[in-house]
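Inside the fold
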Amino acid sequence: IVGCVVIEMCTGKRPWPKLENHIQIIYRIGLGHSPPIPEMLGAEGIAFMNRCLKQDPSQRATAMDLLADPFVKVAMDEFVSLPAALEEADGPRR
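From a predicted model like this one, the values you see are computed outputs, not experimental measurements.

Concerning the overall build of the protein
Assigned secondary structure in the protein consists of five helices and zero strands. Sequence-ordered secondary structure for the protein, helices as α and strands as β, is α-α-α-α-α. Considering the protein as a whole, with its 94 residues, one finds that 20% of them fall into the buried category. Restricting to contacts in the protein with at least 6 residues of sequence separation, those with at least 24 account for 34%. With an accessible surface of roughly 7000 Å², the protein has 61% of that area assigned to carbon and sulfur atoms.

Written out as structure tokens, the structure is:
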């Protein structure tokens, strides 16, 4: 499901946008299909998505594993540094 959310966040569309609802998407995943991974994610993003979309739960990355993934770590580091960067640019907030 995490992989599907990332796809929707990146593309603005659900995986398999021609399907009518989320239940159909879940059913399709349950049948062993993986949604196409947007190439715009680059190599690290595609590797992250492959970790999310493993069919076998014993092979799928845990939430802690995904949080430590380079794709997420870079985004988290940028997010954490954003308030400091804004403060430097605008001066102290009141």
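Digging into the confidence of the model for the protein
Of all residues in the protein, 79% have pLDDT values of 70 or greater, and the mean over the chain is 83. Mean pLDDT in the protein bottoms out at helix H5 (residues 70–90), which sits at 64, and peaks at helix H3 (residues 42–52), which reaches 92.

Things to note about the pattern of salt bridges
The full count for this structure, using the stated rule, is one salt bridge. One salt bridge in this structure joins aspartate 69 and arginine 51, with 2.9 Å as the shortest N-O distance. Taken together, the residues aspartate 69 in the loop between helix H4 (63–68) and H5 and arginine 51 in helix H3 connect sequence positions 18 residues apart. According to the relative accessible area criterion, aspartate 69 is buried, its value standing at 5%. The class for arginine 51 is partly exposed, based on a relative accessible area of 31%.

Rules used in this analysis
Position labels on residues start from 1 in each chain and follow its written sequence. Note on the predicted model: pLDDT of at least 70 is required for a residue's local features to be given, and 80 or more for side-chain atom pairs to be given and counted; whole-chain, interface and lining totals, by contrast, use all residues. No hydrogens and no water enter the side-chain calculation; it runs on all heavy atoms of the structure. The secondary structure listing takes helices from DSSP runs of H or I that are at least 4 residues long and strands from runs of E that are at least 2 residues long, numbered from the N terminus. Type-normalised accessible area, obtained with a 1.4 Å probe on protein chains alone, sets the label of each residue: buried when under 20%, exposed when over 50%, and partly exposed for intermediate values. It only takes one pair of heavy atoms within 4.5 Å for two residues to be counted as in contact. In short, Shrake-Rupley with a 1.4 Å probe defines the accessible areas, and a residue's cover is counted only from the protein chains shown. Residue-level confidence of the predictor, termed pLDDT, takes values from 0 up to 100. Should a side-chain nitrogen of Lys or Arg be within 4 Å of a carboxyl oxygen of Asp or Glu, the pair is scored as a salt bridge.

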